[in-house]
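# Understanding the architecture of this molecule
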Amino acid sequence: MIQLKEGELLSNHTTFRIGGAAKYFAVPKNEEEIMEAVDFAIVKGLPHYILGKGSNVLFPDEGYSGVVIEIGAGMEKVERIGDTGIRAQAGVSLSSLAAFAAREGLAGLEFAGGIPGTLGGAVTMNAGAYGGEMKDVIVSAKVMDEDGGVKVLSCDELELGYRTSIVQKKQLIVLEAEFSLQPGETEAIQSTMKELNAKRREKQPLEYPSAGSTFKRPEGYFAGKLIMDAGLAGASVGGAQVSEKHCGFVINRKNATSADVAGLIQKVTETVQEKFGVTLEPEVIFLGDFEK
């Protein structure tokens, strides 16, 4: 039976460290409990949101008047299948998944080692970094629809594109996924992961709360360079700031509110549009009521 909490602070469950209380909050331990939580929301006439590590979302300070369903603890099993395959549940962190692959001498997930999210979120958004993406290694994903129907979708059926998938478009819920990797030497794989993580620490403002890259990459451009060229490095609204270390990141510099972050994202979007005629699209998902 799913346990529902009332008034859970969402700032404790997002990498922005921003967000008021959820009306209801659940951490299902299996597929049945996920469906129970979704059914609860439907019966109550409330919105619901599937959360992983909260690495690409912004909740309002006023809270979320629905059911937040965090898929994590209890749904983190990872196992090797066959010679070069891995099957993992949606709640496992990408860092843990990549570390498991490395220990097993399987290459291909090195890019994911430093992405601060869960497998479920990574499949939903086709997460990627340093030249690799989920679509490069995933074979299939087991998903659930809002009616409780469960099916397995192949890589092609997942329609994985740049930060998008059929999971996102149809509001499906990722339960688990299978990957096909390449044989490799554990030490070499771990060395590559260390190099990528060192590069990430050097170039990204990991010392501050953020949602990672704030904007999607506009075709033919780099969001961070456009923002820097627009003179917005260090620009701020309240406690939110455009990182001077990497202009593609909006950071929670000093007790930022959700309104601060939303206002700064709007300011950046409008300035870049005005100066360069390029429309930046936020990668961050806004949940609740925002004036944008």
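Below is a short write-up of the structure. The numbers attached to residues start from 1 for each chain and follow its sequence in the written order. Where local features are concerned, this predicted model is filtered to residues with pLDDT of at least 70; where side-chain atom pairs are given and counted, the filter is 80 or more; whole-chain, interface and lining totals use all residues. The basis for the side-chain values is all heavy atoms of the structure; hydrogens and waters are excluded.

### Examining the overall build of the chain
Defined as follows: Helix numbers and strand numbers start at the N terminus; a helix is a DSSP run of H or I with at least 4 residues, a strand a run of E with at least 2. Atoms counted for the radius of gyration: C-alpha only. Globule rule: 2.2 Å times the number of residues to the power 0.38. Exposed residues in this analysis have more than 50% of their type's maximum accessible area, buried residues have under 20%, and partly exposed residues fall in between, with area computed by a 1.4 Å probe over protein chains only. Pairs of residues are marked as contacts when any of their non-hydrogen atoms sit within 4.5 Å. Just so you know, the count uses Lys and Arg for positive and Asp and Glu for negative, and it drops His and the chain ends. Throughout, a charge is located at the NZ atom of Lys, the CZ atom of Arg, the CG atom of Asp or the CD atom of Glu.
When its secondary structure is counted, the chain shows 8 helices and 19 strands. Taken over C-alpha atoms, the radius of gyration comes to 19 Å for the chain, in line with the 19 Å a tight globule of 292 residues would show. The buried share among the 292 residues of the chain stands at 52%. Counting contacts in the chain only where the partners sit at least 6 residues apart, residues at least 24 apart contribute 62% of the total. Taking the 30 positively charged and 40 negatively charged side chains of the chain as two groups, their mean positions are separated by 5 Å.

### Notes on the nonpolar core
Quick note on the threshold: Put simply, a nonpolar core is a bunch of buried Ala, Val, Leu, Ile, Met, Phe, Trp, Tyr and Cys residues held in one set by side-chain atoms that sit within 4.5 Å of each other.
In this structure, Leu97, Leu109, Leu119, Met134 and Phe179 are the most contacted members of the largest nonpolar core, which totals 54 residues. Element by element, the count of residues in this core is highest for helix α2 (residues 94-103), at 6 residues. If near-sequence neighbours (up to four positions away) are discounted, Leu119 is found in contact with Ala88, Gln89, Ala90, Val92, Leu94, Leu97, Met134, Ala177 and Phe179. By size, the runner-up hydrophobic cluster in this structure holds 26 residues, among which are Leu226, Cys247, Val250 and Val261.

### Quick notes on unusual backbone geometry
Although it is not a glycine, Tyr130 adopts a positive phi angle of roughly 50 degrees. Within the element layout of this structure, Tyr130 appears in the loop between β10 (128-129) and β11 (132-133). Overall, the relative accessible area of 35% leaves Tyr130 in the partly exposed class. The residue Asn255 is not glycine, and still its phi comes out positive at about 50 degrees. Inspection of the secondary structure puts Asn255 in the loop between β18 (250-252) and α8 (258-276). Its relative accessible area of 71% is what places Asn255 among the exposed residues.

### A short note on the environment of Tyr162
Applicable threshold: As used in this structure description, the phrase polar contact means that two N or O atoms lie within 3.5 Å; if the pair is within protein, one of them must be able to donate a hydrogen and the other to accept it, and residues adjacent in sequence are counted only when both atoms belong to side chains.
With respect to the helices, strands and loops of the structure, Tyr162 is situated in the loop between α4 (155-158) and α5 (166-169). At a separation of 2.7 Å, a polar atom in the side chain of Tyr162 contacts the main-chain amide nitrogen of Arg217.

### Here we look at the pattern of salt bridges
Quick note on the threshold: A pair is scored as a salt bridge if a Lys or Arg side-chain nitrogen falls within 4 Å of a carboxyl oxygen belonging to Asp or Glu.
A complete count under the given rule lists 11 salt bridges for this structure. When the shortest N-O distance is used, the salt bridge between Lys169 and Glu159 registers 3.6 Å. Pair noted here: Lys169 is in helix α5 and Glu159 is in the loop between α4 and α5, with a separation of 10 residues, a long-range link. Given the relative accessible area of 52%, Lys169 is considered exposed. Between Asp229 and Lys225 there is a salt bridge, and its shortest N-O distance comes to 2.7 Å. Of the two residues, Asp229 and Lys225 are both situated in helix α7 (residues 223-229); the distance of 4 residues between them amounts to about one turn of the helix. With relative accessibility at 42%, the residue Asp229 sits in the partly exposed group. Taking relative accessible area as the criterion, Lys225 reaches 48% and is therefore assigned partly exposed. Among the ionic contacts, a cluster of salt bridges with common partners joins Glu79, Arg87, Glu176 and Glu178.

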